[in-house]
Amino acid sequence: MEILKKEEKKNKKHKTKHTRVITKNSKQEELENKKRRAFLISILVLITILGFFLLVNKTFFRTKYKNGKFEINLPLFTYFISDKDNELTLKTFKKSESLKQYFEEYLSNHDYCTCEDGTLIYYDEKNNNMIKDVNIKKGLIFTKIEIKYDTSLLEEICK
């Protein structure tokens with residue numbers, strides 16, 4: 001009988017130690033799960049905020065920009081920055097080479113004329129727009145696009 005009592009005591013000791021380990025592990029797992037949930041929630045909030053800013057942007061999910069008289073086709077996922085003094089500024093993740101090719105192709109569908117001072121102007125008869133210059137600047141992360149345009153008559157521009 002004494003042998004059985006000793007074994008029961010050993011088993012009880014072993015079970016309690018084992019139970020303590022399980023509770024420590026379950027507490028650690030619970031803490032890790034809370035951290036994981038907090039991380040996922042913060043990622044979802046960040047994605048929601050970013051998505052909202054992209055949705056309300058004038059050009060990001062659109063292939064056309066329009067402001068009153070001026071209208072131009074743009075590559076998809078181009079982020080609108082500003083439109084001041086007949087200069088449209090945009091940013092994108094796209095490579096500058098592909099953007100140059102896009103705008104060369106786009107402008108090749110326009111009529112063009114050369115002013116007396118040598119300025120080349122592309123004319124979009126359909127929208128009555130004139131594009132004076134498309135400047136593409138490669139940055140570290142983004143590529144900046146600056147488009148100078150005019151909605152005046154061609155005669156007024158080439159003075």
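Residues numbered from 1 in each chain as written. Predicted model: local features only at pLDDT ≥ 70, side-chain atom pairs only at ≥ 80, totals over all residues. Heavy atoms only, no water.

Mapped onto the elements, Ser96 comes out in helix 2 (residues 96–108). If sequence neighbours within four positions are ignored, Ser96 has contacts with Ile136, Lys138 and Thr143. (Helix = DSSP H or I, 4+ residues; strand = E, 2+ residues; numbered from the N terminus. Contact = heavy atoms within 4.5 Å.)

On to the packing of aromatic side chains. Taken as a whole, this structure holds four aromatic pairs when the rule is applied. A ring pair is formed by Tyr102 and Phe103, whose centres lie 5.2 Å apart and whose planes are at 90 degrees; its orientation type is edge-to-face. Since its relative accessible area comes to 27%, Tyr102 is described here as partly exposed. The exposure class of Phe103 is buried, given its relative accessible area of 3%. Measuring from centroid to centroid gives 6.4 Å for Tyr102 and Tyr106, while their planes differ by 0 degrees, and the two rings are stacked. Residue Tyr102 and its partner Tyr106 are both found in helix 2; the two are separated by four residues, about one turn of the helix. (Phe/Tyr/Trp six-rings, centres within 6.5 Å; stacked < 30°, edge-to-face > 60°. Buried < 20%, exposed > 50% of the residue type's maximum accessible area, 1.4 Å probe, protein only.)

According to the stated counting rule, one finds four salt bridges in the structure shown. Between Glu30 and Lys34 there is a salt bridge whose closest N-O contact spans 4.0 Å. Taken together, the positions of Glu30 and Lys34, both in helix 1 (residues 2–56) and four residues apart, correspond to about one turn of that helix. Overall, the relative accessible area of 45% leaves Glu30 in the partly exposed class. Its salt-bridge partner being Lys137, residue Glu146 comes within 3.5 Å of it at the nearest N-O pair. The exposure class assigned to Glu146 is buried, which follows from its relative accessible area of 12%. Bridged by salt links that share partners, the residues Lys137, Lys144 and Glu146 form one connected network. (Salt bridge = Lys/Arg side-chain N within 4 Å of Asp/Glu carboxyl O.)

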